[in-house]
Amino acid sequence: MGKGGALSDGVVKNIILSYTYVAVWIFLSFTVIVYNKYILDKKLYNWPFPISLTMIHMAFCSSLAFAAVRIFKLVEPAALSRRVYLTSVVPIGALYSLSLWLSNSAYIYLSVSFIQMLKALMPVAVYSIGIMFQKDSYKSSTMSNMLAISFGVAIAAYGEAKYDSWGVFLQLGAVAFEATRLVLIQILLTSKGINLNPITSLYYVAPSCLAFLAIPWLFVEYPVLKQQSSGFHFDFVIFGTNSLCAFALNLAVFLLVGKTSALTMNVAGVVKDWLLIAFSWSVIKDTVTPLNLFGYGLAFLGVGYYNHSKLQALKAKEAQKKAQSADEEEGKLLDERNGDGNGKKADAQA
């Protein structure tokens, strides 16, 4: 049993850890979404100020990230020049601020379940924008898959009992900005060899995100908040725990992707979406129609097939790399043998 037992114990430990990371990420993502809905919804906590809520999150995350990097020295800052920061990090911060603003705003108008259904369009947006920026190549099979996902989401939207055009516009805008941000991270950071973990990401991105959010906040929400200031008392427990959950979610993303893979996160995201739909229907009492579920089911199958195709492509790429490295090693061995043989011949002639 010795070695075999030790090996199986290690495998079991890795499986348990992987499932733990997935469970933690699902729990935190679930909590942040439901918590934001609770705060912003006029029928619940009734604080419909999505820009202000996002700014509180960014201020909290910036402060904790600054403390971790500069005060406690838990993480080393990345070597970013001012030019790289202005041309690479700031545009990502701007897109992130727009994505968060619009997605949080959508919770005022749409149900949690319907928002999760609309989020199924993310692969479609990432692929389309990737083609525009020449990061992805056009493939008719992939595009057909994207159209199938879009068709499923369209059916879900048609079957939505409490459809709100403005809410849908906000959520689709959030998806578009988030997809653009993900593509630009590849172009502006990853391609330059700049890899930021969640702490350093928040350290650099959150302050610029906060600055961008301050512009619409001054014109849209500040005048209303100023009028209501006498009747509103800032609840440190509600907003503090909400911000802490948002910060913890960023760390959980790092753990999940770093210890498993981005594909695991995509699969876990699908599980989380179904859980949120069930929670929205059973606890929040949102209306979920059979047509909703049928449309989202189609979109879900499309997203599942897309993830499967990506996994197969990654496996093929890895196999190709291994084959190339094996060929190179074999070539080196042959060269060494030929070299030794030539040396022996020269010695014999001498």
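Keep in mind the model is a prediction, meaning the values are calculated, not measured.

Reading the values: rules and limits
- Residues numbered from 1 in each chain as written.
- Predicted model: local features only at pLDDT ≥ 70, side-chain atom pairs only at ≥ 80, totals over all residues.
- Heavy atoms only, no water.
- Salt bridge = Lys/Arg side-chain N within 4 Å of Asp/Glu carboxyl O.
- Helix = DSSP H or I, 4+ residues; strand = E, 2+ residues; numbered from the N terminus.
- Buried < 20%, exposed > 50% of the residue type's maximum accessible area, 1.4 Å probe, protein only.
- Patch = residues over 30% accessible without salt bridge, like charges linked within 9 Å, V, L, I, M, F, W, Y side chains within 5 Å.
- Areas by Shrake-Rupley, 256 points an atom, 1.4 Å probe, with all protein chains shown as cover.
- Core = buried A, V, L, I, M, F, W, Y, C linked by side-chain atoms within 4.5 Å.
- Contact = heavy atoms within 4.5 Å.
- 1 Å grid on protein atoms, 1.4 Å probe; cavity = no way out; pocket = protein on both sides within 12 Å on 5 of 7 lines; lining within 4 Å.
- Points joined across faces, edges and corners; volume = space filled by probe spheres on them.
- Nonpolar A, V, L, I, M, F, W, Y, C, P; charged D, E, K, R; others polar.
- Phe/Tyr/Trp six-rings, centres within 6.5 Å; stacked < 30°, edge-to-face > 60°.

Student: Mind showing me how you'd approach the pattern of salt bridges here?
Tutor: The tally for this structure, following the rule as stated, stands at three salt bridges. Here Glu178 ties to Arg181 by a salt bridge, and the two come within 2.8 Å at their closest N and O atoms. Taken together, the residues span about one helical turn, with Glu178 and Arg181 both in helix α7 (residues 165–189) at a distance of three residues. Side by side, Glu178 and Arg181 carry an identical accessibility label, which is buried. Residues Lys272 and Asp273 are paired through a salt bridge, measuring 3.7 Å at the closest nitrogen-oxygen approach. In terms of burial, Lys272 and Asp273 fall into one category: buried.

Student: Looking at this model, I keep getting lost on a nonpolar patch on the surface. Mind explaining?
Tutor: On the surface, a nonpolar cluster with roughly 600 Å² of combined accessible area is contributed by Phe212, Ile215, Leu218, Phe219, Val220 and Tyr222. Looking at the nonpolar patch element by element, the count peaks at five residues for helix α8 (residues 198–220). Relative to the helices and strands, Tyr222 is located in helix α9 (residues 222–228).

Student: Would you take a moment to explain the nonpolar core for this structure?
Tutor: The nonpolar side chains of a soluble globular protein tend to be buried with one another. Ile39, Trp47, Phe114, Met117 and Met146 are the most contacted members of the largest nonpolar core, which totals 43 residues. Not counting residues up to four positions away in its chain, the partners in contact with Ile39 are Tyr45, Asn46, Trp47, Leu53, Ile238, Phe239 and Asn242. Counting 28 residues, the second largest nonpolar core, distinct from the first, contains Val75, Ile194, Leu202 and Ala206.

Student: Help me understand empty space enclosed by the protein, please; the structure alone is not making it clear to me.
Tutor: Where empty space is left becomes clear once a probe the size of a water molecule has been rolled over the atoms. Under the criterion given, the structure shown has one cavity of 30 Å³ or more. Approximately 30 Å³ is the volume found for the largest cavity. Around the largest cavity, the lining residues are Ser111, Glu160, Lys162, Asp286 and Thr287. Among the residues making up the lining of the largest cavity, the classes are represented as no nonpolar, two polar and three charged.

Student: Help me understand the packing of aromatic side chains, please; the structure alone is not making it clear to me.
Tutor: Aromatic rings in a pair are described by how distant their centres are and how their planes are angled relative to each other. A full pass over the atoms with the stated rule returns 15 aromatic pairs. Here Phe66 and Tyr203 contribute two aromatic rings whose centre-to-centre distance is 6.5 Å and whose plane-to-plane angle is 20°, an arrangement assigned as stacked. Residue Phe66 is found in helix α2 (residues 50–71), and its partner Tyr203 is found in helix α8; the two are separated by 137 residues along the sequence. By relative accessible area, Phe66 is classed as partly exposed at 42%. Exposure remark for Tyr203: the relative accessible area of 15% places this residue in the buried category. Aromatic side chains Tyr85 and Tyr204 sit 6.3 Å apart centroid to centroid with 55° between the ring planes, which places their arrangement in the tilted category. Of this pair, Tyr85 sits in helix α3 (residues 82–109) while Tyr204 sits in helix α8, placing them 119 residues apart in sequence. Under the relative-accessibility criterion, Tyr204 is labelled buried at 10%. Grouping aromatic residues by their ring pairs yields a cluster made of Tyr38, Tyr45, Trp47, Phe49, Phe234, Phe236 and Phe239.

Student: Sorry if this is basic, but what is going on with unusual backbone geometry here?
Tutor: Most peptide bonds adopt trans geometry, and most residues besides glycine take a negative phi value. At Asn46, a position not held by glycine, the phi torsion is positive, near 60°. With respect to the element layout, Asn46 can be found in the loop between α1 (2–40) and α2. The backbone of Lys73 shows a phi angle near 55°, a positive value even though the residue is not glycine. For Lys73, a relative accessible area of 56% puts it in the exposed group.

Spatial relationships are all this shows, so hold off on functional conclusions.
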